[in-house]
Amino acid sequence: MKRALNDLPDEAPKSTSAKYTHVPAPTSGTSVTSLSTSKRLMGEWKAAQTRQADTPDDADPHSHLSLGLVEEGDFTLWYCRKYYPDNPNESTQYKRIREGLIELGKDYLEWHLRFSDQYPFIPPRVWMHHPHLDGANVWGSGGICAQVISENDGGGWTPLMNVQVLMKSISNTTEQYRNVKVRQGTYPPHTEKGAMSDWGRIEHAHRDGWGDVKTTK
C-alpha cells in the first residue's frame, strides 16, 4: 500500500547492507559523507513517490518507470520497473519486449540499483534483475554495458543526474537494440554477485574509452 508523502521519514534509516568501494569521489573542499548520500537518496525517493502517486502500476505516467526500495528501510538498494502498456506508436523493439513480457506472464522489466556512500559522485551499480534479455546491452549475469554508469574516465555519469534520468537513459538504450527480446522459460533472477563479475569485464574492456570498443559477453 502506498504511503502518504507526509508520512515518510525525514532521514533514511541506516542500512547494514555492504557498500561497494571503487574509485574515490572527486574532492572539491566538501567532504562526501554517508549522511549527505542518505539525504540525496531520500530526496530522490520522495520525488519518485510524488510522480508515481495515484497512477496505474504506481509508475510515472510519462516514462512508465516505477522506482522503489527492494527492502523497506534499505535506501542503498532500489528497484526500477519499466511497464509496457499498449501503444501503437512505439518502436518495433518496444512492441517486441511487450509481447515477450506478455508471453512470459509479466508486464514489466525490473532492474536493481546498488548505491555506495560516494553517490552521487559515482553512479549506482545497475543490473537487470528479471527477466533475462537477449540481443541487448545486458550481459550473461545481468550486468549492464552502458557508458552512463561507467566509472572509467570519459564515462557519461555526472552528479547532476538523478535516478529517474539515469533509468530513462538505460531503458531507452535497451529498446534501441534491433534484436532485443525477452527470454522465455523458467529461470532465476540475475544476482548482484553475478552482475559484479560482468561489471569488472565491462570496465576492463572500456578502460581506454567508449569509442568503437567491442566487448565479449
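Scroll up to find the structure.
Note that this is a predicted model, so its numbers are computed, not measured. (Residues numbered from 1 in each chain as written. Predicted model: local features only at pLDDT ≥ 70, side-chain atom pairs only at ≥ 80, totals over all residues. Heavy atoms only, no water.)

### Focus: helix 2 (residues 92-104)
Selection rule: Going along the chain from the N terminus, every DSSP run of H or I of four or more residues is numbered as a helix, and every run of E of two or more is numbered as a strand. What a helix is expected to span follows from its residue count: subtract one and scale by 1.5 Å. Contacts were defined at the residue level, with two residues in contact if any of their heavy atoms lie within 4.5 Å.
With 13 residues, helix 2 should reach 18 Å at 1.5 Å per residue; the first-to-last C-alpha distance of 18 Å fits that figure. Residues of helix 2 that are buried make contact with strand 2 (77-83), strand 3 (108-114), strand 4 (125-130) and strand 6 (181-182). Positive phi appears at glycine 105, one or two residues downstream of helix 2, with a value of about 85°.

### Side note on the nonpolar core
Under the convention used in this document: Residues grouped as a nonpolar core are buried Ala, Val, Leu, Ile, Met, Phe, Trp, Tyr and Cys residues, joined through side-chain atoms within 4.5 Å. Residue exposure (1.4 Å probe, protein chains only): buried if accessible area is under 20% of the type maximum, exposed if over 50%, otherwise partly exposed.
The biggest cluster of nonpolar side chains holds 38 residues, and the ones touching the most others in it are Leu166 and Met167. Looking at this core, the elements that each hand over two or more residues are helix 1 (34-52), strand 1 (65-69), strand 2, helix 2, strand 3, strand 4 and helix 3 (163-174). Excluding residues within four positions of it along the chain, methionine 167 makes contact with Leu65, Leu67, Cys80, Trp111, Leu113 and Val126.

### Notes on the sheet that holds strand 1
Keep this limit in mind: A pair of strands is labelled paired if DSSP reports no fewer than 2 bridges between them. Every axis corresponds to a line fitted to the C-alpha atoms, with the helix fit spanning only the stretch in contact, and the corresponding angles, defined between N-to-C directions, vary from 0 to 180 degrees.
Spatial ordering of the open sheet is given by 1-2-3-4, a layout of four strands whose pairing is antiparallel. Across the chains shown, the open sheet's two edge strands, defined by having one partner strand only, are strand 1 and strand 4. Across this sheet, the average inter-strand angle for adjacent strands is 25°, counted without regard to direction. Sheet topology places strand 2 next to strand 3; seven bridges connect them, and they run antiparallel. Residue pairing across strands places tyrosine 83 opposite tyrosine 108, the latter belonging to strand 3. Of the strands in this sheet, strand 3 and strand 4 are in contact with helix 4 (residues 192-205), which crosses strand 4 at around 130°.

### A closer look at the pattern of salt bridges
Spelled out, the test is: The working definition used for a salt bridge is a side-chain nitrogen of Lys or Arg within 4 Å of a carboxyl oxygen of Asp or Glu.
Tallied over the full model, the rule gives nine salt bridges. A salt bridge links arginine 114 to aspartate 74, with the nearest nitrogen and oxygen atoms 4.0 Å apart. Here arginine 114 is found in strand 3, whereas its partner aspartate 74 is found in the loop between strand 1 and strand 2, with 40 residues between them in sequence. The same class applies to arginine 114 as to aspartate 74, namely buried. Linking lysine 82 and glutamate 175 is a salt bridge whose minimum nitrogen-to-oxygen distance equals 2.7 Å. One end of the pair, lysine 82, is in strand 2; the other, glutamate 175, is in the loop between helix 3 and strand 6, and 93 residues separate them in sequence. Overall, glutamate 175 belongs to the buried group, its relative accessible area being 9%.

### Remarks on the environment of glutamate 44
Stated precisely, the cut-off is as follows: Distance and chemistry together define a polar contact, namely a pair of N or O atoms within 3.5 Å, with one atom able to donate a hydrogen and the other to accept it when in protein, and with adjacent residues in sequence counting only for side-chain atoms on both sides.
Relative to the helices and strands, glutamate 44 resides in helix 1. Spatially, the C-alpha atoms of glutamate 44 and asparagine 162 are 7.3 Å apart, while their sequence positions differ by 118 residues. Of note is the side chain of glutamate 44, whose polar atom sits 2.7 Å from the side chain of tyrosine 119.

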